[in-house]
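Observations on the three-dimensional arrangement
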Amino acid sequence: MKKTIYLKFSLVFLLSLLIHSCHNESYDLPVTNLEKENLIPKPLSILATNSSFILDENTRISTSSEEVFLSVGNFLSKKIKNKTQLEIEVNLGKSKNKGGEIIINKVEKGATIDNESYELIISENSIIVNTQTGEGAFRAIQTIRQLIPYNNYSPKSNFWVIPTGTIIDKPNFEYRGSMLDVARHFFDVEDVKKYIDIMAYYKMNVLHLHLTDDQGWRIEIKSWPELTKIGGSTEVGGTKGGFYTQEQYKDIVAYAALNYITIIPEIDMPGHSHAASTAYPFLDGKEDATLKPGASLSEKKAALYTGMKVGFSTFKTREEKVYEFIDDVIRELSAITPGEYIHIGGDESKVTKHDDYVYFLKRIEKTVAKHNKKMIGWDEISKANLSINTVVQFWYDKENAKLASNKKMKIILSPAKRIYLDIKYDSLSKYGNRWIGYTPVDSSYNWIPEKYIDGISKDQILGIEAPLWSETVSNIQELEYLAFPRLIGVAELGWSIEENRNWENYKVRLANQTPYLNKMKINYFKSQCVDWE
Ligand code: TNX
């Protein structure tokens with residue numbers, strides 16, 4: 001059944017129609033179905049009412065008065081402009097409203113369950129967002145963005161049709177992240193911001209930056225300037241490296257915050273630390289350390305590592321000055337990191353003796369706590385007897401994850417086999433690592449985080465995170481080829497409950513992301529698992 005509506009319904013507009021009567025066209029609007037929209041991630045529940053909200057030049061946004069809601073309203077207006085060219089005013093005052101209204105409405109506790117949850121009620125005249133927080137409002141407007149079609153209703157019309165109905169939504173996991181390795185190859189601020197834009201569109205909320213490794217040190221530490229001067233000068237392959245000044249890092253943090261994404265910085269220790277030890281040789285705990293404390297600049301530059309091996313470096317764990325150094329690093333980093341976590345790496349410390357490794361981590365945990373942060377480390381850290389507040393990031397060894405869960409520590413799931421974005425899709429992949437085989441797009445989606453490790457229940461899982469290690473990718477296009485579309489599936493695994501996830505259904509919604517991916521100029525991999533539109 002088709003329904004006919006007139007393009008505009010306000011009196012003012014009717015008058016103008018009389019004047020411009022040649023524009024007085026009527027349109028047959030389709031019976032819509034909100035339940036069939038290509039939303040990613042899939043919301044908790046959707047009820048379609050099969051009619052249409054008309055988005056046009058008369059639509060207005062109004063928000064609750066608090067600054068956070070206003071800024072979410074402005075964010076939505078900007079994105080609508082970007083997509084449709086429509087200029088949608090925010091909080092203009094009721095009397096001037098001529099068309100449909102998008103209302104971002106703060107509700108008191110109890111109406112929705114947690115910080116990020118929201119309710120979206122779309123009728124013919126209004127789109128109402130009910131939520132408790134700016135965060136909830138921000139997640140809700142991503143749903144609205146996805147519901148706005150790329151094309152106006154007909155070539156001659158200047159309006160966009162949004163299906164009516166009600167969506168009730170909240171995240172499956174509180175932590176939905178990705179990691180960029182900016183150490184093996186450096187990526188600049190603009191690259192990181194683009195990645196943040198895409199993460200936000202799919203409701204992810206954590207970006208972990210792997211800032212240091214054997215090949216590079218990428219964050220300015222004012223009290224130890226050679227970290228970046230030496231350690232930031234190169235990268236894998238020997239090309240020019242780079243680093244973020246503290247001002248640039250703060251800019252990333254602030255941009256992420258506008259997108260309701262928390263930055264988690266990682267300083268990888270005691271292994272993966274060759275770049276730091278080259279800049280300051282007293283840190284070096286390797287038995288065959290070559291640089292002496294007084295080494296010259298050119299000796300240091302010659303000692304930098306630009307290959308891809310792992311597991312050969314370590315800090316000197318029984319040296320007091322090393323802990324003074326780390327205290328400075330964590331202090332400076334904590335001061336510019338509003339999020340609650342600092343990641344200390346802890347992986348693949350193959351040349352650190354077990355006792356030294358345990359001793360080191362216990363001390364570092366205290367340092368992190370001293371600067372009012374919580375510690376995260378890769379799964380190896382569960383071999384040390386750490387506090388219950390420390391979070392373990394599972395990547396490879398399920399026994400380590402079980403150890404952590406026995407100690408009642410929270411766990412982030414990053415199984416290399418499923419969601420390491422740097423792993424090749426198949427034998428034809430142009431870039432990527434293959435130490436754990438291949439990870440096609442379907443197998444990256446088709447697993448159940450809630451049941452992945454026997455004995456670890458959902459309430460112990462903080463969430464999931466997809467790391468992208470950058471040994472084989474040196475620019476944003478190559479990075480995007482590996483990250484997309486797999487990251488989009490990870491976003492759904494993190495947000496949508498198990499009952500709402502289904503590969504056959506997901507792959508159709510994924511295929512329909514192409515207008516967005518193209519508009520964003522994302523160099524995604526056109527996997528044959530998906531019938532791209
Ligand atoms: C393992 S994951 C590493 C990284 C590599 C990655 C390549 C982890 C904690 N360590 O150093 O870049 O594999 O896939």
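Residues numbered from 1 in each chain as written. Predicted model: local features only at pLDDT ≥ 70, side-chain atom pairs only at ≥ 80, totals over all residues. Heavy atoms only, no water.

Comments concerning the pairing of strand S17 (residues 391-394)
- Burial along S17 is two-sided: the residues Val391 and Gln393 and Val392 and Phe394 are all buried.
- Two strands pair when backbone bridges link them, and S17 and strand S18 (residues 411-413) are joined in this way by three bridges, in the parallel orientation. Counterpart to Val392 in the pairing with S18 is Ile411. (Buried < 20%, exposed > 50% of the residue type's maximum accessible area, 1.4 Å probe, protein only. Helix = DSSP H or I, 4+ residues; strand = E, 2+ residues; numbered from the N terminus. Pairing = 2+ DSSP bridges.)

Things to note about unusual backbone geometry
- Of note, the amide linkage connecting Ile40 to Pro41 takes the cis form, showing an omega dihedral of -5°.
- Of note, Pro41 is situated in the loop between strand S2 (26-29) and strand S3 (45-55).
- In this chain, Phe484 is followed by Pro485 through a cis amide linkage whose omega measures 15°.
- With respect to the helices and strands, Pro485 occurs in the loop between helix H14 (476-483) and helix H15 (486-495).
- Of note, the phi angle at Gln85 is positive, near 75°, even though the residue is not glycine.
- On the secondary structure map, Gln85 appears in the loop between helix H2 (67-84) and strand S5 (89-90).
- A positive phi angle, near 50°, is found at His272, a position not held by glycine.
- The residue His272 is located in the loop between strand S14 (262-269) and helix H7 (274-279) in this model.

Some thoughts on the site of the ligand
- Of all residues adjacent to the ligand, which total 13 residues, the nearest are Arg184, Tyr420, Asp422, Trp435 and Glu471.
- Within the side chain of Glu348, a nitrogen or oxygen atom sits 3.1 Å from a nitrogen atom of the ligand.
- A distance of 2.5 Å is found between an oxygen atom of the ligand and a side-chain nitrogen or oxygen belonging to Glu471.
- In the complex, 97% of the free accessible area of the ligand, which totals 370 Å², lies under the protein chains. (Near = heavy atom within 4 Å. Polar contact = N/O pair within 3.5 Å; in protein donor to acceptor, adjacent residues only side chain to side chain. Areas by Shrake-Rupley, 256 points an atom, 1.4 Å probe, with all protein chains shown as cover.)

A few points about the side chain of Ser527
- Here Ser527 shows up in the segment after helix H17 (514-519).
- Dropping the residues within four chain positions of it, Ser527 is found in contact with Val441 and Trp532. (Contact = heavy atoms within 4.5 Å.)

Looking at the packing of aromatic side chains
- Tallying each qualifying case throughout the model produces 36 aromatic pairs.
- With centroids separated by 5.8 Å and ring planes inclined at 45°, the aromatic side chains of Trp224 and Phe282 adopt a geometry described as tilted. Placement of the pair is Trp224 in the loop between strand S13 (216-217) and helix H5 (226-229) and Phe282 in the loop between H7 and helix H8 (297-303), with a sequence separation of 58 residues. Both residues of the pair, Trp224 and Phe282, count as buried.
- Aromatic rings pair up to connect Trp217, Trp224, Tyr280, Phe282, Phe315 and Phe325 into one cluster.
- The residue whose ring lies beneath Lys203 is Trp495, and the NZ or CZ to ring-centre distance is 5.7 Å. (Phe/Tyr/Trp six-rings, centres within 6.5 Å; stacked < 30°, edge-to-face > 60°. Lys NZ or Arg CZ within 6 Å of the ring centre and 35° of its normal.)

Focus: the domain arrangement of the protein
- When cut into domains, the protein gives domain 1 (2-169) and domain 2 (175-519).
- On a C-alpha basis, the centres of domain 1 and domain 2 stand 38 Å from each other.
- Facing the 25 residues of domain 1 at the interface are 27 residues of domain 2.
- Across the domain 1 to domain 2 interface the summed buried area is about 2300 Å²; carbon plus sulfur atoms make up 55%.
- Applying the counting criterion to the domain 1 and domain 2 interface returns one salt bridge.
- In this structure, the salt-bridge partner of Glu116 is Arg176, at a minimum N-O distance of 2.6 Å.
- If you list the elements that add at least two residues to the side of domain 1 that touches domain 2, you get H2 and helix H3 (134-147).
- Sorting elements by how many residues they give to the side of domain 1 that touches domain 2 places H3 first, with eight residues. (Domains from an automatic or database assignment. Buried area = accessible area lost by both parts, 1.4 Å probe. Salt bridge = Lys/Arg side-chain N within 4 Å of Asp/Glu carboxyl O.)

Brief notes about the packing of helix H9 (residues 320-335) against helix H10 (residues 354-370)
- One can describe the packing of H9 onto H10 by two numbers: an axis separation of 10 Å at closest approach and a directional angle of 35°. Judged by the sense of rotation from one axis to the other, the crossing of H9 with H10 is right-handed. Every residue of H10 that contacts H9 at Glu320, Tyr323, Ile326, Asp327 and Ile330 is listed here: Tyr359, Phe360, Arg363, Ile364, Thr367, Val368 and Lys370.
- Among the residues making up the contact of H9 with H10, the classes are represented as seven nonpolar, one polar and four charged. (Axes fitted to C-alpha atoms, helices over the stretch in contact; angles between N-to-C directions. Left-handed = near helix turned anticlockwise from the far one by under 90°. Nonpolar A, V, L, I, M, F, W, Y, C, P; charged D, E, K, R; others polar.)

Some words on the sheet that holds S3
- Pairing is mixed across the open sheet formed by seven strands, whose spatial order is S3-S9-S7-S8-S6-S4-S5. With partners counted over all chains shown, the strands left at the sheet margins are S3 and S5, one partner each.
- Two elements, S3 and strand S9 (residues 160-169), share eight bridges in a ladder whose sense is antiparallel. Looking at the pairing, Leu55 lines up with Trp160 of S9.
- Seen against the sheet, H3 touches strand S6 (101-106), strand S7 (118-122), strand S8 (126-131) and S9 and runs at an angle of roughly 35° to S7.

Considering the sheet that holds strand S11 (residues 206-210)
- Pairing in this closed barrel of eight strands is parallel, and the strands run S10-S11-S14-S15-S16-S17-S18-S19 around the ring. Averaged over all pairs of adjacent strands, the angle between strand axes in this sheet comes to 30°, irrespective of strand direction.
- H10 contacts S14, strand S15 (341-345) and strand S16 (374-378) of the sheet and is inclined by roughly 145° relative to S16.
- On the sheet, H15 packs against strand S10 (175-181) and strand S19 (461-468) and is oriented at approximately 175° with respect to S19.

Re H10
- Taking 1.5 Å of rise per residue, 17 residues should cover 24 Å, and H10 covers 25 Å from first to last C-alpha, within 8% of that figure.
- When H10 is considered as a whole, its buried residues turn out to be Asp356, Tyr357, Val358, Phe360, Leu361, Ile364, Glu365, Thr367 and Val368.
- Just beyond H10, the residue with positive phi is Asn372, at close to 60°. (Expected span 1.5 Å × (residues − 1).)

A closer look at the pattern of salt bridges
- Per the counting criterion, the structure on display carries 24 salt bridges.
- Where Arg363 meets Glu320, a salt bridge forms, and the shortest distance between an N and an O atom there is 2.8 Å. Within this pair, whereas Arg363 is found in helix H10, its partner Glu320 is found in helix H9, the two being separated by 43 residues in sequence.
- For Glu399, the salt bridge identified is with Lys402, shortest N-O distance 3.7 Å.

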